[in-house]
Amino acid sequence: MYTGLQHLHSGLAYLVLAALAIVFIYALIGSLSNRPFTEKDRKIALIAFILAHVQLLVGLILYFVSPVGFSLLKGGGAMSDSAARLTALEHPLINIVAIVVITIGYSRAKKLADSRAKFRSIYMLYAIGLLLILSRIPWGSWIG
Ligand code: HEM
């Protein structure tokens, strides 16, 4: 179960990062070209939103199964070791914040009336979410 979840989380990470980067560029171009925001644009943003939420769910389960997740925090000592602090605290916490930011970007875009404002809500908040995620990836242990 642990290895399966680890591989799923690791593989999904590629999809989430690629989807966020693509939607960011797509929405930025949409905003710069001043074209109307269509249902297709909403659906493209929704794909990255869903992938991020699936990753959140898998990450939460993994957190309680992995030997470098909650069990490290529970056992103490994780705060003094930077690798342990990353997987047991910083990566989960910052990624949850990132997914909240992405959720706000998507939901705001749905409520706003102006096309340019919709594109802006998506490209700005998805970019912040992406940067937060990138800042706390355990690059050293990413098995790919
Ligand atoms: C979009 C959000 C996320 C991305 C892109 C992401 C990506 C990654 C990557 C690339 C790894 C390294 C995998 C490996 O060693 O092969 C990892 C590990 C891990 N992630 Fe995430 N993650 C995300 C969200 C979360 C969340 C929200 C949690 C928990 C609440 C979480 C918990 C963990 C844990 C515990 C590990 C260490 C797993 C292990 O090696 O045993 N992740 N994550």
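The structure displayed is predicted, hence computed values, not measured ones. (Residues numbered from 1 in each chain as written. Predicted model: local features only at pLDDT ≥ 70, side-chain atom pairs only at ≥ 80, totals over all residues. Heavy atoms only, no water.)

(A) The UniProt feature "transmembrane region" (unreviewed entry) in the chain, seen in detail. Per the UniProt entry, the sites bearing "transmembrane region" (unreviewed entry) are residues 12-32, 44-65, 92-109 and 121-139 in this numbering. The span residues 12-32 is 100% helix and 0% strand, and its two end C-alpha atoms sit 30 Å from each other. Here residues 121-139 runs as 79% helix and 0% strand, with 29 Å between its end C-alpha atoms. (UniProt positions renumbered as here; feature names shortened; annotations may be inferred. Helix = DSSP H or I, 4+ residues; strand = E, 2+ residues; numbered from the N terminus.)

(B) Seen up close, the coordination of the iron atom of the ligand. In the first shell of the iron atom of the ligand, the protein supplies His9 (NE2) and His91 (NE2), at 1.9 to 2.0 Å from the metal. Coordination at the iron atom of the ligand comes from 6 donor atoms whose angles at the metal span 87 to 179°, giving a geometry best classed as octahedral. With a gap of 82 residues between them, His9 in helix α1 (residues 2-32) and His91 in helix α4 (residues 82-111) connect regions that are remote in the sequence. When sorted by exposure, His9 lands in the same class as His91, which is buried. (Donors = N, O, S within 2.8 Å, 3.2 Å for Na, K, Ca; no water. Tetrahedral: all angles 85-135°; square planar, octahedral: opposite > 155°, others 65-115°. Buried < 20%, exposed > 50% of the residue type's maximum accessible area, 1.4 Å probe, protein only.)

(C) Focus on the packing of aromatic side chains. Inspection of the entire model under this criterion finds 8 aromatic pairs. Judged by centre distance (5.7 Å) and plane angle (50°), the ring pair of Trp139 and Trp142 falls under tilted. One aromatic cluster is present, built from ring pairs that chain together Tyr14, Trp139 and Trp142. (Phe/Tyr/Trp six-rings, centres within 6.5 Å; stacked < 30°, edge-to-face > 60°.)

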